[in-house]
Structure formats: structure tokens, C-alpha cells
Amino acid sequence: MRRLIFVFVVLFLGAIYLYAEEQNLSKVGDMDVAATLLSQNQILLQLKTINRSLNQQNNLWMKKYANYKSYYDVTMELVSTKERLDALKKIIKPSIQQQSELSILQRREETLTKQKMLLAEYRESPFKELMQPAEDTTEVPHITNPILILQGFSYIKQLRQELDRLSNNYNSLAVLVDELEKKEKLLKALVDMGVDKNILGNNHTLEEEISLTEHALTELETAYSVFNTTLDLYRKKVEDLTAVLTADIKKQFIQGGIVGIVILISIFIAFLMKMVIRKYIRDNERIYTMSKLINFVNITIIIFILLFAYLENVTYLVTVLGFASAGLAIAMKDLFMSVLGWIVIVAGGSIHVGDRIRVVKDGATFIGDVLDISMLRITIHEGITLLTYSEHRRAGRIIFIPNNYIFTTMIANYTHGSMKTVWDGIDVTITFDSNHRKMVQICMDIAKHYAKGYTDITRKQLNLLRDRYSLRNTNVEPKVFTMLESNGIRVSLWYQTNAYAALPLRSTISGEIIDAINREEDITIAYPTTTVHSSNGEKGDGNIPSIQTTPTYQTGASSTHSGELL
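Residues numbered from 1 in each chain as written. Predicted model: local features only at pLDDT ≥ 70, side-chain atom pairs only at ≥ 80, totals over all residues. Heavy atoms only, no water.

Undergrad: Break down the sheet that holds strand 1 (residues 356-361) for me, with residues and values.
TA: Pairing is antiparallel across the open sheet formed by 5 strands, whose spatial order is 4-3-2-1-5. Only two strands of the sheet have a single partner each, and these edge strands are strand 4 (398-402) and strand 5 (410-413). Going across the sheet, the axis of each strand differs from the next one's by a mean of 40°, ignoring polarity. Note that strand 1 and strand 2 (residues 364-373) share 6 bridges and pair antiparallel. Across the sheet, the residue bridging to Lys361 is Ala364, located in strand 2. (Pairing = 2+ DSSP bridges. Helix = DSSP H or I, 4+ residues; strand = E, 2+ residues; numbered from the N terminus. Axes fitted to C-alpha atoms, helices over the stretch in contact; angles between N-to-C directions.)

Undergrad: With reference to specific residues and values, describe the nonpolar core.
TA: With 44 residues, the main nonpolar core has Trp61, Phe127, Leu176, Leu180, Leu220 and Phe227 as its most contacted residues. Breaking this core down by element, the ones donating at least two residues are helix 1 (2-54), helix 2 (60-89), helix 4 (128-131), helix 5 (149-193) and helix 6 (206-280). By residue number, the principal contributor to this core is helix 5, which donates 14 residues. Beyond its immediate sequence surroundings of up to four residues, Phe127 is in contact with Trp61, Lys64, Tyr65, Glu219, Leu220 and Ala223. In terms of nonpolar packing, the next biggest core, distinct from the first, is built from 21 residues, Met439, Val491, Tyr495 and Ala516 among them. (Core = buried A, V, L, I, M, F, W, Y, C linked by side-chain atoms within 4.5 Å. Buried < 20%, exposed > 50% of the residue type's maximum accessible area, 1.4 Å probe, protein only. Contact = heavy atoms within 4.5 Å.)

Undergrad: So, the environment of Pro402: which residues are in play, and what are the values?
TA: Along the chain, Pro402 turns up in strand 4. By relative accessible area, Pro402 is classed as partly exposed at 29%. Along the primary structure Pro402 and Ile373 are separated by 29 residues, whereas in three dimensions their C-alpha atoms are 9.8 Å apart. In this structure Pro402 touches Ser338, Leu376 and Arg377, once residues within four positions along its chain are discounted.

Undergrad: Requested: an account of the pairing of strand 8 (residues 488-498), with residues and values cited.
TA: Buried residues dominate strand 8, accounting for 8 of its 11 residues. Here 7 bridges tie strand 7 (residues 479-485) to strand 8, and the two strands are oriented antiparallel to one another. Directly across from Phe481, in strand 8, lies its bridge partner Ser492. Taking the residues between adjacent antiparallel strands as the criterion, strand 7 and strand 8 are bridged by 2 residues.

Here it is as C-alpha cells:
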């Protein structure tokens, strides 16, 4: 009996062990399937991301390739259509169905022929516009006088811009090739997994998608290799031309300096000769004649200096005549004043790009950040400031300020030099019976807490300005002033804040002051109120009581009500 029980126990334990092993194997299989599905989903997600990048509207390389591929697809379809047409035309007695097919194929042939003509430019070099420099219709300038220096700088800038365009195209092509290589690897990984060939959910199977990707990759890799050589050659060309033009410009600067010195020497000698004539000749008529002669000779010498220095042939006579155009300065006063203002701004350093400035003209005030300083105007972007909050009620406009305003208009710079902070103030009017000393202390504590960082920054900025300006008062700690007004006690708080973002700190401090006042019972903000006194001495809340006597109205600041609203 014991042996029988022992056998049953062994069989029972063995059954439990086999069941546990079966469950473990089932779990492992489920995990493998889940991992495979997860890997497939990740690959499909990556493919979706890559396809989205390849199909972007600004992907010029893929657009060019699509047109190139369309040309050859149209060509192949046209060839097959013609072959079928030739076969149908050879039939002596075609059936009605064959005649209908012949008519359809003829119309299709016309359509494909037109499409092929439209796509003919992509037949051999579809990426030509992206890989080759733009055709330069202007000749390389030969800098022979100072006036052509600007043309030389302009040509150098044009070369560098074209080089930047090609470099950007080259970099975008490199990124595109990398994405196509990733796409090819991901597609082959799906094939290795043995997934459904239509898993992509488009009109192509996996094998077809791989074939299309490999074809695109081959064409773009070839273009990448050719583009690399083209870009290197163009870069060397730009470097050589830039070196030559820079040398010519430098030469003209030196030559211009020498010519200027010679002209100044000529003028100085003429001045000395006039002084000698006035000293040793007593006859005024002879002095006048000799002075006129000296002037004539001096002007003639200067003209010949300029002619021999810069006039290589008669065509450059226009350059000399250009000096006679000074009369245009009168007719174009504002334009020339703007150019002069630009010189003053750039040379003086009073305004830089990024500064926050305030411009007042004909009663209109604008505050904004300087975006650009060109030869004719200053461009500023209007920010959200206390001015836009209180007056304009709009911000974000682009404002153009002529440079000649620097001579006739008040322009304030909030961030001149190293200064990035400004004083900002908040005024609070409290009633006469309020504890104004406590109010002053509250404002001071709040300002010191929230403006401490700006105070320290301002102190360092003023120390840097000591080398340029004479600064007397460098105390930048918060200040509170108490003023007696007709409608209450005005407490004026002043503190340092960010010149570019004064409103946020102003809002924060204002909120803290209001919360602090609400916690104090002996401080009341002054605001417009009306107290009604009846004949029996009772006070109302502003509603006229139902009494027979005529009420008396009292407004203004008193011990029973507050003053005017700020």
C-alpha cells in the first residue's frame, strides 16, 4: 500500500513539473512574438519618419529626382505604347476591340509625347541647378580707382553668397543620402524578418520599395560624388578671385592715400605761397592777381594728379565728371543727411544692433529693439512696454527711422554701452490717515527682494562705464520717496530692472504691494469716493437716503474717504 501511495505521489509531482515547464515555454514564445512585433513597429515608425522627411515640400533634391524618374518612366511607357501600336497596325483586319485599343493607344502616345517634352530638361542632368554655380553675367571687376572699390566688395559678397548656397545644397544632399541608406537598411531588415510584403500599406511591395530606394540612392550618390568635386573647384575659384580683388582693393587704398597726401601737400604749398606774397608784395592788385594764378595752377595740378592716377582712357572721364555732381546733395538733402547720420552712428557707437531705444517725433513716441542699422534707416521692433500698455495698446510693429533723425530728434538709448538695466518706478497713493512710514518700509523690502539681482548687475555696469564717462551718483539701491499730494500721500518706489523686460518685474512688485496693503489695517489706498451726509448726521454708502432734507455731497480726500485714482 505504501508503495502504491509513493508511486501516485511521484506521478502527481511529475505532472505538476511538466505543466510548469509547458507554461514557461509558452511565455517565452509569447515574449519572442512580442519582441518581433515591437521591432517591426519600431522599423515601420522609423520608415514613416524618413518618408515624411523625404517628401517635404522644401526637399529640392527629391523633387528633381522625382522629375528625372518621371521622365524615364514616361519614356519607357512611350516605347511600350509604340511597340503595341506597331503590332496593332500590322493586323490586316483588326476587330472592334483592337480598333478601340488602337484609338486609346494613339491618344496615350500623344499625351506621353507631350509629357516627355515637358520633362526633357531632366533627361541628362536633373541636379544641374543645385550643383553648378549660377551663371555670372558680370565680368570680374578690375579695381583701378577708389569708386570701383565698392564694386569689388559687392562682387566678393556675391561670390561668397553663391558659395554658401552650394554648400547648403551639398550638406542637404549628404543628409538625404544618409536617410536613403537608413531606409534601405530598414527595408532589408523587414525582408529578413519574413513579414508580409504588403506591410508598408502603399502601392509597392517590400521588394519594389527596396528597388526604388536603391535606384534613388545610386543616382544621388553619383550626384554627391560629382558635387563634391564641383564644390571644391568652385571654392578654390572663389578663394583665388577674393585674394586678387582684395589685393586690388588694398592697392587702391594705398594709392588713394598717396594721392590724398600729394593733394594736401599741393594745397599747403599754395597756402604758403599766398602768405609769402602777402608779406612781400604791397600792391593789392598784384596780390589778387598772383593769388588767382596760384589757385588756378593748384587746381590744375590737382586735376592732373587725379587724371594721371586714375584715368587710363577717355571712358573714365565720366569718373572725373562725377565730382561735379555735388549739386545733387542740395536736391537730395535728406538722403545725404541719412548717410551722414549712418556714419555718425557707426563711428560714434551711440546705437548698436540689439539696443533698446526710444524715439520721439512730432508727439509720437516709439520704443523698440534695434534690428538693423543700414545706410538710410534704423529698423526697430516695437516691444511690449509700459508705453504700449498705456497708450498704443498694440506692439510688435516694425518701425523704420531715417538716420537723419539723429540730428533733429530726441533718441534715447536704454542699453548704451554695457548698461542693460534702467530705473523703473511705481507710484501708490494712500490716504492721509494711513501709516505712510510702514508703507515706505513695505515698498523698500519688496523692491530689495525682487530687484536685488538687477541692482548688483547695474553696480557692475556702472563700474565699467567709469572709464568712458564721469559718473557722480552711482547709488543704485532701491529708493522710496514720499510726496504730499492734494488727494493723499503719494509713495514713489524706484528700483533697477531689465531694460528689455520691465513690465514683468513691475507687475510682480505691484502684486506684492497690493497683497501687503491688504494685510495691513492701517494702510488704505486712495481712490475716488463719495460720502453723503444727511441732516441727522448719518452717513450713507453713496445711495441717497430717503429723507426730507436736502443731502450734502462731499468729494475729495478726507478722514472719511480716499482721494483720486492714479
